[in-house]
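Residues per chain are reported as follows:
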Amino acid sequence: MPSLRKRVVGFMRQLSISNLAAAVENIGQGEPSTPCPKSPPPDFLGNCFITHYLNGSETKIDGPVILHGRNPEELPSKPVRSLDEDDEVFAAFTGPGRGLTTVNLRQRHLSISDPDVDYIDILESNDHHKAGMPSAGDVAGISNWFDPHDMAYGISTTLYEKNPTTNAINGEPIADCFGVAARADAGILAVADGVNWGPKASIAARSAVHGSLEYLNKALFSAAPGNGATTTRDVFVALLRSFHAAHSLILQEQGMLTTLTVCAVLPLADSSPDRYVACTCNVGDSLAYVYSRKTGVREITRGSHDIHCMRDMRDALGALGPVDGCNPELNNLTLAMTEVEEGDVVFLTTDGISDNFDPVVGKFAVLPAGDASDVSAGSQSRTKTRKAAESLRRSNSSGCGGSTGCTELPVVEAYQRHELTLLRMEDLLRRGVSGEGPPCDSAKKLCELLLDFAVRITAAKRRILEDTDLYYWRYEDGDIVQLPVLEQRRRRKKMLEKMSMVPGKLDHATVVAYVVGSTASSKGKV
């Protein structure tokens, strides 16, 4: 029986490349444009994994329970193994470029209070962990942030197109940032996605990752004797305080808005065989996952968004930074925890990765008729935390949206989209691009597989936007003249129909991963 990946890849070749490419070429060429991909092949409805899933014959395996809440008191308190600064850091990595090391050059001590950030003040003052001072030369508690490892790795890129008139990639600089630090049996990792484009969005993301990881490295591994984290409740208090530190650093560095997701993977005390817990805190739409060979992929941060409601992909749902004066927007600030096993891979992604695994964005399925919740290309009502990208790039990712002519594609509800997204990730990690394996067994391989998928599925969109006819006028004598800006915009708006028919979402894309139970071994250094 063909693997899930083979069926998905086969369908992608049938619809997303052949039929969609043909439809795209027909638009504007004097031929009737195809409103949506051609009907699936006769065996599609019987053999496609989406149909199997919708019929109940393909199910998502449940892994260990995921618990979530808004404050530490809503979650169970489990003892964790003692942590101290003697736990050697065997890998640390940040990016893109210099990553978190480019901010906080004039370091401010965390004890300085910030009256504009009061969401953490509900915690008892005697719960506060006094963080130790950093060693000389340390940045965010780590001496070398450019020491990656196969078991602790991150990667970031842009999915946006290159502008033929300037030869520059649109959306630069990359407004994402990641960081991971791995010790024997423990790891902390963070990812942030700056809202909108530009240097201030990039500064916000880098400041968020720097501030949070600096605080956690001190509070969890360099705390004064007797003040370290001994339970998961202590860890969650530290995570919340690290978000306070992240927000304060954004204000200090004069950055704008960013999402932030941070995860601490720690060993549970008195467990045999060794068991671990992944404790996360997130705000916005950057998500955290676990990949297990036993149970597949599950999302740790699912409590931060309603999987039963269609969401607007422009809405980050929340953000750190000066959303309202100097205050953040913490609508979906969520704590979550789940047990993980040695060999599991915990990974965090920005929405440039996660959204491209969505079956509707990938043109494998459509929304119910009348549901345009994903992206309304003409809508101008955007909150401050919504990502304001050009309407051409954000053009209706849902394709035909369940309208007539596309009814032969499977129609999926919100919660089904969520589970199908996890199934697509899972099969890629289990069987690779070819469908023959081997299964992913390292953080580096996981990052490369997910990023490669996002790059490939968005290739057609980039090709459309890089068409020189959108920027230049060609005369019969062969001369080429750059079009006025208004004419460029007019021609780009005409491309909306083409853009809505091809898969993928253009964005900055970042993933960072850590293999649970990794040890300080020279093997795997990169």
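What this report covers is the structure whose coordinates are included nearby.

Conventions adopted
In this convention, every chain numbers its residues from 1, walking through the sequence in written order. For a predicted model such as this one, the threshold for reporting local features is a pLDDT of at least 70, and the threshold for listing and counting side-chain atom pairs is 80 or more; totals across whole chains, interfaces and linings nevertheless cover every residue. The side-chain quantities take in all heavy atoms of the structure and omit both hydrogens and water. Type-normalised accessible area, obtained with a 1.4 Å probe on protein chains alone, sets the label of each residue: buried when under 20%, exposed when over 50%, and partly exposed for intermediate values. Where helices and strands are cited, they refer to DSSP runs of H or I of at least four residues and of E of at least two residues respectively, numbered from the N terminus. The arc in question is traced by the directions running from the helix axis to the C-beta atoms. In this analysis, two residues are considered to be in contact whenever any of their non-hydrogen atoms come within 4.5 Å of each other. Within this document, salt bridges are pairs made up of a side-chain nitrogen of Lys or Arg and a carboxyl oxygen of Asp or Glu, the two lying within 4 Å of each other.

### Considerations on helix H10 (residues 485-494)
Among the residues making up H10, those that are buried are Gln488, Arg491 and Arg492. For H10, the buried positions fall inside an angular range of 100 degrees around the axis, keeping them on one side. Pointing more than 90 degrees away from the buried face of H10 are the exposed residues Leu486, Arg489, Lys493 and Lys494. In this structure, the buried side of H10 is in contact with strand S17 (472-474), strand S18 (480-482) and helix H11 (496-501).

### Some details on the pattern of salt bridges
Within the structure shown, the criterion is met by 13 salt bridges. The residue Glu426 makes a salt bridge to Arg430 at a minimum N-O spacing of 3.2 Å. Within this pair, Glu426 and its partner Arg430 are both found in helix H7 (residues 414-431), separated by 4 residues, close to a single helical turn. Among the residues examined, Glu426 registers a relative accessible area of 11% and is labelled buried. Taking relative accessible area as the criterion, Arg430 reaches 21% and is therefore assigned partly exposed. In this structure, Arg431 and Asp427 form a salt bridge, with 2.1 Å as the shortest nitrogen-oxygen distance. Highlighted residues: Arg431 and Asp427, both in helix H7, separated by 4 residues, approximately one helical turn. Asp427 sits in the buried class, given a relative accessible area of 2%. The network of salt bridges with shared partners includes Asp351, Asp355, Lys505 and Asp507.

Honestly, that's just the spatial picture; any functional story needs more than this.
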